[in-house]
Protein chains: 2
Amino acid sequence: MVVTLADVAARAGVSASTVSYVISRKRPISPETRERVLRAVAELGYHPNAGARALASQRSNTIALMVPLRSDMYVPVLMEIAMSVATAARAAGQDVLLLTGDEGIQGLRRVVASGLADAVILMDVELDDERIPVLRELAIPAVLIGLPAETEGLTCVDLDFTAAGSVCADHLADLGHRYVALLGADRTVYRRRTGFAARTLDGFTRRALERGVRTVHRSCDGGFSATAATVDEVLEAWPSLSAFVVQNEAVVGPLLHLLAQHRRAVPEDVSVVAICPDQIAVQPQPRITSVPIPAEEMGRRAVRLAMAQLAGKPTSGSTLIRPKLVVRGSSAARARS
Amino acid sequence: MVVTLADVAARAGVSASTVSYVISRKRPISPETRERVLRAVAELGYHPNAGARALASQRSNTIALMVPLRSDMYVPVLMEIAMSVATAARAAGQDVLLLTGDEGIQGLRRVVASGLADAVILMDVELDDERIPVLRELAIPAVLIGLPAETEGLTCVDLDFTAAGSVCADHLADLGHRYVALLGADRTVYRRRTGFAARTLDGFTRRALERGVRTVHRSCDGGFSATAATVDEVLEAWPSLSAFVVQNEAVVGPLLHLLAQHRRAVPEDVSVVAICPDQIAVQPQPRITSVPIPAEEMGRRAVRLAMAQLAGKPTSGSTLIRPKLVVRGSSAARARS
DNA sequence: TTGAAAGCGCTAACAT
DNA sequence: ATGTTAGCGCTTTCAA
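How each quantity is defined
Residues numbered from 1 in each chain as written. Chains lettered and ligands numbered in written order. Predicted model: local features only at pLDDT ≥ 70, side-chain atom pairs only at ≥ 80, totals over all residues. Heavy atoms only, no water. Near = heavy atom within 4 Å. Polar contact = N/O pair within 3.5 Å; in protein donor to acceptor, adjacent residues only side chain to side chain. Helix = DSSP H or I, 4+ residues; strand = E, 2+ residues; numbered from the N terminus. Pairing = 2+ DSSP bridges. Axes fitted to C-alpha atoms, helices over the stretch in contact; angles between N-to-C directions. Domains from an automatic or database assignment. Buried < 20%, exposed > 50% of the residue type's maximum accessible area, 1.4 Å probe, protein only. Contact = heavy atoms within 4.5 Å. Disulfide = S-S within 2.5 Å. Buried area = accessible area lost by both parts, 1.4 Å probe. Salt bridge = Lys/Arg side-chain N within 4 Å of Asp/Glu carboxyl O. Nonpolar A, V, L, I, M, F, W, Y, C, P; charged D, E, K, R; others polar. Least-squares fit on C-alpha atoms with pLDDT ≥ 70 in both. Core = buried A, V, L, I, M, F, W, Y, C linked by side-chain atoms within 4.5 Å. Phe/Tyr/Trp six-rings, centres within 6.5 Å; stacked < 30°, edge-to-face > 60°.

Here's the deal with the protein's contact with DNA strand C
Near DNA strand C lie 27 residues; those nearest to it are L5 and Y46 of chain A together with T18, R27 and T33 of chain B. Contacts to DNA strand C include S20 of chain A, whose side-chain N or O atom sits 2.7 Å from a phosphate oxygen. One of the side-chain N or O atoms of T33 of chain B is found 2.2 Å from a phosphate oxygen in DNA strand C. Of all the elements in the fold, those that place two or more residues in the surface near DNA strand C are helix 2 (16-24) and helix 4 (50-57) of chain A together with helix 2 (16-24) and helix 4 (50-57) of chain B.

This is the structure we're talking about:
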């Protein structure tokens, strides 16, 4: 019914192991033999049986990807990371097993113990993620997307949010802004103990201080009315405010409308810089100067690191992707007051 | 190193086959034996090896899910469907293999021939999808999310967009509206030969006709300016227009702003009904009367149908999910003119 | 109600 | 450069 190694071997007039070695390239094969085998493979439409291969080789050639079910992350970014992982994995000859976040610790144990996956990539990692001790215990190749509090012995990938904050501060300082507000993620994000919001704040505040820029920080829920409350309050309290840094996708749109209502032109009166997916940044008019979330790169790197671990190379430590500021129409030199 | 069936058997003082049967429940086992085996399983933390199991049983207990890489679909809905599939699959004891849309036909062949998956669920099915002939040829359990042109012998799941169109027409007719515009998906959607836009139009137009409601239809790109062009044109040409039906997520927000600009109050002057994810519908003020996209249900049903096929039950035919209109604040009786 | 044993299709020593 | 063969860990007849 289904084509097996033996079928290919018979057809090519060689032994099964020769076929296996032609395919795995794990030992030299004469050009003629190789040729004949490959032809047989093609003619018969042979695909190695994954189960048999996994059983014999103790390798599933599969990476498990754990995606959060509910998340404060912007969904399109999660999706882009997941798809990027899938694409990069396939390019590396691996398949991807999709695990939902709520499979949690048990899911990890199961997938590893059953030999379903050789490595694990975890998304939406919290500062004090409960899956981390299990990862250490299982001692399986693993990559975290996001940065937990304690990274000792772990391999992590994330945007360098600290640097992202600094870059935003620098950009606005360069443009002459002296009073800048940072509108951060909403409270649930801070509460859920995801670290990126705090890291951005840190990098931003430090650099602003160095550059002599005064700052306010507000955690800001998404949506029009929540944003309105925060923005009104800040504008009221800080009349000389001339720039906003935003790191909440759901705040960018509302903020622009509010500024329009307040008769503050962007970028003439107020500059806006966001740390957000490009999709969000290029939507409004004017388009927003931003530090994009490198979703595709994060997925790609995670796979690369997982593969390195599978190959026995040590990779532990954090890969913090350097932020790139893309200057668009929403930031400009501070108007002389 | 890893716990095997044999380890469990030894520990429980029974044969390997007995352990296997305890786990698979494929033959009666005495309560005492079962008890001892299960204890051994728990004590040793045994997880059956997936490869060995697949090899011996010819069943991978895995469903392949093909997710489009780029899509005109609204990403959060895709994600919700995918996660719903993953959750439902696990509840049915299956794992999910994530395939990207661009693996295409080859990906399907590979996954099936290698025994990686027992069944396939395809998202983002086009009217004349190239994967369909392959599905027929492979004769593997498969479920399509979306409705192709020719469904003979296929198992499909989708929202009944025809009925969704009708429901919207009815709702507005009931409210006394006589002139209604349908703002449809953007041109790329029609071009990509996805059927849902046409089906909505059909159901809407027919029912409107029956109810004596006059209609205009415009395909409408997302975003503010594209929407503005369309809406301005329609309002200009049809002064007595009193309601909009929208089935493009990216048009809902802009439409509301435009109506405000035109000094048309919603719902006092103009009613708005959308066919869109709830997430979109509940965002604006007023919240939008809508027919939600039942993403979670679609994923769940797809898995259920796939499982039925795996169990040998015939499932071919289309599961068209009945639309439910949720009345919110954006629709009201037509104002007397 | 339980056990013994023959594979499932492949990989990787070990031979030659 | 290629062939032989012993498993990998499980399922499932066939026996008892």
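That shown, we press on.
A look at the sheet that holds strand 6 (residues 179-184) of chain B
The strands that make up a sheet pair up through hydrogen bonds in the backbone, lying either parallel or antiparallel. Residues and elements named next belong to chain B. Sheet architecture is open: five strands sit in the order 7-6-8-9-10, paired in parallel fashion. Whereas interior strands pair on both sides, the edge strands pair on one side only; in this sheet they are strand 7 (214-219) and strand 10 (289-291). Adjacent strand axes in the sheet meet at a mean angle of 20°, parallel and antiparallel pairs treated alike. Here strand 9 (residues 271-275) runs beside strand 10; their pairing, made up of three bridges, is parallel.

A few points about the domain arrangement of chain A
Partitioning chain A into domains gives domain 1 (1-58) and domain 2 (161-291). Using C-alpha coordinates to define each centre, domain 1 of chain A is positioned 59 Å away from domain 2 of chain A.

Some thoughts on the side chain of R131 of chain B
All names here are of chain B. Considering the arrangement of structural elements, one finds R131 in helix 7 (residues 131-138). Residue classification places R131 among the buried residues on the basis of a relative accessible area of 7%. Polar side-chain contacts of R131 include one of 3.4 Å to the backbone oxygen of M123. Here R131 is in contact with M66, I105, L108, L122, M123, D124 and V125, once residues within four sequence places are set aside.

Let's talk about the state of the cysteines
Residue and element names in this part refer to chain A. Taken as a whole and judged by the stated rule, the model has zero disulfides over all chains. There is no disulfide at C168, and the cysteine sulfur nearest it, in C276, is 9.8 Å away. When its relative accessible area of 0% is taken as the criterion, C168 is described as buried.

Looking at the sheet that holds strand 7 (residues 214-219) of chain A
Residues and elements named next belong to chain A. With respect to topology, five strands assemble into an open sheet ordered 7-6-8-9-10, the strand pairing being parallel. Edge positions in the sheet fall to strand 7 and strand 10 (289-291), since each of these pairs with one other strand and no more. Neighbour to neighbour, the strand axes of the sheet diverge by 20° on average, direction disregarded. Seen against the sheet, helix 10 (residues 196-210) touches strand 6 (179-184), strand 7, strand 8 (243-246) and strand 9 (271-275) and runs at an angle of roughly 165° to strand 7. Docked against the sheet, helix 12 (residues 249-261) engages strand 6, strand 8 and strand 9, running at close to 160° with respect to strand 8.

What to know about the interface of chain B and chain A
Across the contact, 33 residues belong to chain B and 33 residues belong to chain A. Both sides together, the interface formed by chain B and chain A hides about 3100 Å², and carbon and sulfur atoms give 70% of it. The largest share of the area that chain B buries against chain A comes from M79, M83 and L98 of chain B, three residues that together contribute 19% of it. Joining chain B to chain A, the criterion identifies four salt bridges. In this structure, R90 of chain A and E103 of chain B form a salt bridge, with 3.3 Å as the shortest nitrogen-oxygen distance. Residue assignment for the side of chain B that touches chain A shows that the elements contributing at least two residues are helix 4, helix 5 (75-91), strand 2 (95-100) and helix 6 (104-113) of chain B. If you tally residues by element for the side of chain B that touches chain A, the top one is helix 5 of chain B, at nine residues. Class assignment of the residues belonging to the side of chain B that touches chain A gives a composition of 22 nonpolar, seven polar and four charged.

Thoughts on the relation of the copies chain B and chain A
Copy one and copy two of the chain differ by a rotation about a common axis and a shift along it. Laying chain B over chain A is done by rotating through 180° and shifting 0.0 Å along the axis; what remains is an RMSD of 0.1 Å. Both copies of the chain, as the preceding transformation shows, are related through a two-fold rotation axis.

Concerning the nonpolar core
Counting 102 residues, the largest nonpolar core has L65, I81, I121 and V245 of chain A together with L65, I81 and I121 of chain B as the members making the most contacts within it. Listed in part, the 42 residues of the second largest apolar core include A64, L97 and I140 of chain A together with A117 of chain B.

Some details on helix 4 of chain A
One side-chain oxygen of the residue at the start of helix 4 of chain A lies 2.9 Å from the amide nitrogen of G51 of chain A, identifying that residue as N49 of chain A. Directly beyond the C-terminal end of helix 4 of chain A, a positive phi value near 60° is found at Q58 of chain A.

Some details on the pattern of salt bridges
All names here are of chain B. Summed over all chains, the structure comprises 39 salt bridges over all chains. Across the salt bridge formed by R207 and D170, the nearest N and O atoms sit 2.4 Å from each other. Residue R207 is located in helix 10 (residues 196-210), and its partner D170 is located in helix 8 (residues 161-174); the two are separated by 37 residues in the primary sequence.

Some points on the side chain of N248 of chain A
Residues and elements named next belong to chain A. Here N248 shows up in the loop between strand 8 and helix 12. One polar contact links the side chain of N248 to the main-chain carbonyl oxygen of C220, over a distance of 2.8 Å. Among residues more than four places away in sequence, those in contact with N248 are L183, G184, A185, D186, C220, D221 and G222.

Considerations on the packing of aromatic side chains
All names here are of chain A. Counted according to the given criterion, the structure contains four aromatic pairs over all chains. Centroid distance Y179 to W238: 5.6 Å. Interplanar angle 70°. Geometry classified as edge-to-face. With Y179 in strand 6 and W238 in the loop between helix 11 (224-237) and strand 8, this pair connects stretches of sequence that are 59 residues apart. According to the relative accessible area criterion, W238 is buried, its value standing at 17%.

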